[in-house]
Structure formats: structure tokens, C-alpha cells
Amino acid sequence: MKHNCLFMKNTVGPPARGDNFYQRHTEVDRIRNRIRDLNNIYIAAPRRIGKTSLLFHLLDKKVDDNVYVYVDTEAIDNEADFFRKLAKEVLNAEEIKNSDRVKKLLESGNKFLRKIKGLSIMGTGIDFQESGLETNHKENFENLLAGLEFHGDSKLVLMIDEFPQTIQNIADVHGGDARPAIRFLQANREIRLHPAIQSKVIFIYTGSIGLNHTVSLIGGSAFINDLNALEVQPLNRTDASELLVALLNRRGVKIEGEVIAYILNIIEWLIPFYIQLIAQEVLEVSIRGEQITCHTVDAFFSRIVESRNNHHFEDYHKRIRKHFKDDEQRFALELLNSIAEQDTLPRSVAFDLAMKYNVEEKCRYIIDSLMHDGYINNNGAPNIYRFNSPILRMWWRRFICQ
């Protein structure tokens, strides 16, 4: 078994950290290899698949002795605040804030660091003080990264979560005007390609909405073509079974192999979130002393989609209302409602719905967004759409299809 199950807690919802993180060695190794090859990365995967948990694993384990900085930019809606926050988080990293090496760089008059307004030695560390309304935060951040130095092959790995949402926020705050968002993308690209930054700073971007779709909508795809896309896949059946067993073993609960297989068949989309939800139900049933068999498993899935778990699923519904507007939103909701009620939906019917709401030209973009964000897929047949997760479909049909 890859994981020490004696210490693994079933933390449903928040990112898993430390001993609660299931060791996804394949995914971690793929990220490590791309960092070693100096690739800036975009992690492309639907929500709830474990992207943030992977980032926290890199942060907590200091993989390959790199300096990892995690920044969530979901609430940011302007360029200045974005670069200001990144600069402060980099300076607050323990390896940088308390580094004698960085202090010596400052004291020696490093040509990049000395350009930064407000950067100084403060007590036992270094700090960044606001220097007025005229501060160019993009230039400050660029000079900070260019001026930093690291031992040996160590690199600064800057992990920026919810980056696509930040782009959308910038566009929204300007009434849909794409120009500020495009300038923002261009500024980020300039920093990534800076000659003094490329060899020692790696950027990893991820988010709950698709970067490619967000950027293509504003015509800014040219400013992310230097990013190396890395897709995080659901667990395979072996790893999914191992994770379920690990979560149950900590409480001394054991179930037969045929029951595990039956559970995985029903879950279908084997991401950690749904495995954790079913493990929670199994543990509660076992406390009551009930025997867990294939005949009793079906009841677990009914209980998962009860109203007490609405907070786990409601975000899927809220994001449709946030991400799409007007007729696009109405089309997306009716499309999902139809798939939830009918189990599958032909592409031709989806296009008829698009015509109903006069969004024919956006039909492909909307469907691609729903697929990337983990709602639906067409894996079984290219012209047939269905929910990724039967569990989400059950919840959607019960609470959204009215």
C-alpha cells in the first residue's frame, strides 16, 4: 500500500494535506519533471479532482528542495493587487524572509532588488512596504524575482491558484472590456519570459474554471502559449480502491472486495472527493453496527445527495450563475437539467437548445466549459453528453431540476 493508512483522516471538502494526502506519485512525478525542465505549467483539471491538494503536497514536502509559494488569487480583480499580493507572499516565504543570503543581496546593492521601492531589512527579516500610489507593482514584482538567488539547482516555484477566475474578474470589473484582462495576461507573460527569471522561477497556474476557455473568450490565447498544460486525471481503480480501504482502515472498518468493486462502479468518476463522501457514509453505518453489503450500498448514495450535503454540491450550481450570463446561463442550466433527467443527451438536441436561447455561436464554448469544469463528458460516444458523476447527477435532478 502506498499510503500509511493508520494516520489518514477523511477530510471531506478542504484540500488534503500531510498524512491525509493520498500519495499520487504519478501526478507528483509529472510535475517534478516539468519543473526540472524549466517548464511553466498550467494544471488543467475539473474542480474537486485534487489540484490544490497536489500543490499543498509540493509546498509541505519542499519537493526537490525548491522554494514553494502558494497564492490564491480568486478574489483579486485588478493587476496592481495581483502583483502586490504575489510579491508579499514571496517575501513571506520562510526560506526568503529569514534568509541571510537575501539580506546580503540587498546590502550588496543587487541591481534588481535596489530598484524596488519599499524593500528593506526589517528586524530579523526583510519586508515590503507600500511606497505610495505611483508604485508600479508589476515592475516591483519583476525586479524581486530577477534579483533573488537560490542555492544549487533550487528554484522558486510560484503556485497561483484560481488564476482564470482572476482574469474573469478583471474583465467583469471593466464591464466586459477585454483590454485590461489582455494587458494583465501580457504582463504575466513578460515576467515569465524575463531572461533573469526564466532559469530560476517556475510558475504553476491552476483554477476551478478552464484557463484556455477563459482566455480564448477575450482573445488572449497568444499570451499563454508558453505554458505547458498538465492534465490531472481521476484515480485508476487500483488507487481508488486503495484510498477507500485506507480511509476505512483507520477506523478499523473492513469491507469485502466485491463490495468495494460495487461501490467504485457506482461512483464511476473516481476522484478523491466522491470516494471520501462514500467512505463517510460507510463509517457512519458501521458505527450503527449494520452489515455493509452490495445490497445496502445503494442507500449510501441516496443519503449522500440529501440536503445535509448541499454545501458540497451547491457550488456547482452557483458557478453556472456566476460564469454565464443571460441566455448563455439559461442554456447551460437547461442543458444540465435535461442531461440530469434523461441520463444522456444527443449533441443535436443540445444544439436545438442553443438555438432556443439564440446562443448557437457560443454553444461549443459553453459545452466545452462544462466539460472542462467537470460537469459532463462525451467519453462514451462523441455525440452523446452525460454527467461525469452519477452522484452529482442525482443531486442535480433532486434539487435543481424543478
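Residues numbered from 1 in each chain as written. Predicted model: local features only at pLDDT ≥ 70, side-chain atom pairs only at ≥ 80, totals over all residues. Heavy atoms only, no water.

Caption draft 1: Seen up close, the sheet that holds strand β10 (residues 384–387). Spatial strand order, β8-β10-β9: three strands in an open sheet with antiparallel pairing. Either end of the sheet is taken by a strand with one partner, and the two such strands are β8 (344–346) and β9 (376–377). As judged from the three bridges shared by β8 and β10, these two strands associate in the antiparallel manner. Bridge pairing in β10 places P346 opposite I384. Contacting β8, β9 and β10, helix α15 (residues 326–342) crosses the sheet at an angle of about 125° to β8. (Pairing = 2+ DSSP bridges. Helix = DSSP H or I, 4+ residues; strand = E, 2+ residues; numbered from the N terminus. Contact = heavy atoms within 4.5 Å. Axes fitted to C-alpha atoms, helices over the stretch in contact; angles between N-to-C directions.)

Caption draft 2: View of unusual backbone geometry. In this model, E268 sits at a positive phi of 70°, which is unusual for a non-glycine residue. The residue E268 is located in the loop between α11 (257–267) and α12 (272–287) in this model. Classification of E268 as partly exposed rests on a relative accessible area of 36%. (Buried < 20%, exposed > 50% of the residue type's maximum accessible area, 1.4 Å probe, protein only.)

Caption draft 3: Quick look at the layout of surface pockets. Estimates place the volume of the second largest pocket at around 460 Å³. If you trace the second largest pocket, you find 23 residues lining it, with P46, E231, Q233, M371 and H372 closest to the centre. Contributions of two or more residues to the lining of the second largest pocket are made by β1 (41–44), α9 (211–217), β7 (228–231), α17 (363–372) and β9. For the lining of the second largest pocket, the element with the highest residue contribution is α9, accounting for three residues. Broken down by class, the residue content of the lining of the second largest pocket amounts to 12 nonpolar, eight polar and three charged. (1 Å grid on protein atoms, 1.4 Å probe; cavity = no way out; pocket = protein on both sides within 12 Å on 5 of 7 lines; lining within 4 Å. Points joined across faces, edges and corners; volume = space filled by probe spheres on them. Nonpolar A, V, L, I, M, F, W, Y, C, P; charged D, E, K, R; others polar.)

Caption draft 4: Structural detail: the packing of aromatic side chains. In total, this model carries 19 aromatic pairs according to the counting rule given. Their ring planes at 55° and their centres at 4.6 Å tell us that F56 and Y70 sit as a pair that is tilted. In this pair, F56 sits in helix α2 (residues 51–61) while Y70 sits in strand β2 (residues 67–72), placing the two residues 14 residues apart along the sequence. This pair shows no difference in class: F56 is buried, exactly as Y70 is. Here the aromatic rings of Y316 and Y375 are separated by 5.4 Å at their centres, their planes lie at 85°, and the arrangement is edge-to-face. Residue Y316 is located in helix α14 (residues 310–323), and its partner Y375 is located in the loop between α17 and β9; the two are separated by 59 residues in the primary sequence. The class for Y375 is buried, based on a relative accessible area of 1%. For R48, the ring lying beneath its charged end belongs to F273, and the centroid distance is 4.2 Å. (Phe/Tyr/Trp six-rings, centres within 6.5 Å; stacked < 30°, edge-to-face > 60°. Lys NZ or Arg CZ within 6 Å of the ring centre and 35° of its normal.)

Caption draft 5: Representation of the pairing of β10 within the structure. By the alternation rule, side chains of β10 split into Y385 and F387, which are all buried, and I384 and R386, of which none is buried. Alignment of β9 against β10, held across two bridges, turns out to be antiparallel. Across the sheet, the residue bridging to N377 is R386, located in β10. Once β9 ends, the chain turns through six residues before running back antiparallel as β10.

Caption draft 6: Structural context of helix α16 (residues 347–356). Among all positions in α16, only A350, L353 and A354 are buried. Along the long axis of α16, the arc covered by the buried residues comes to 105°, so they all point the same way. On the buried face of α16, the contacting elements are α15, β8, α17 and β10. Just past α16, the residue N358 takes up positive phi, approximately 55°. (Arc of directions from axis to C-beta.)

Caption draft 7: Structural context of empty space enclosed by the protein. Following the criterion strictly, the structure yields two cavities of 30 Å³ or more and no others. What the largest cavity holds in volume is close to 50 Å³. Every residue along the wall of the largest cavity is listed here: R47, I209, R319, I320, H323, F324, S369, L370, D373 and Y375. For the lining of the largest cavity, the secondary-structure elements that each account for two or more residues are α14 and α17. Counting residues per element, the lining of the largest cavity draws most heavily on α14, at three residues. Among the residues forming the lining of the largest cavity, the class breakdown is five nonpolar, two polar and three charged. Taken as a whole, the second largest cavity encloses approximately 40 Å³ of empty space. As for the second largest cavity, its lining consists of Q165, Q168, I209, R319, K322 and H323. Put simply, the parts of the chain that give the lining of the second largest cavity at least two residues each are α7 (163–173) and α14.

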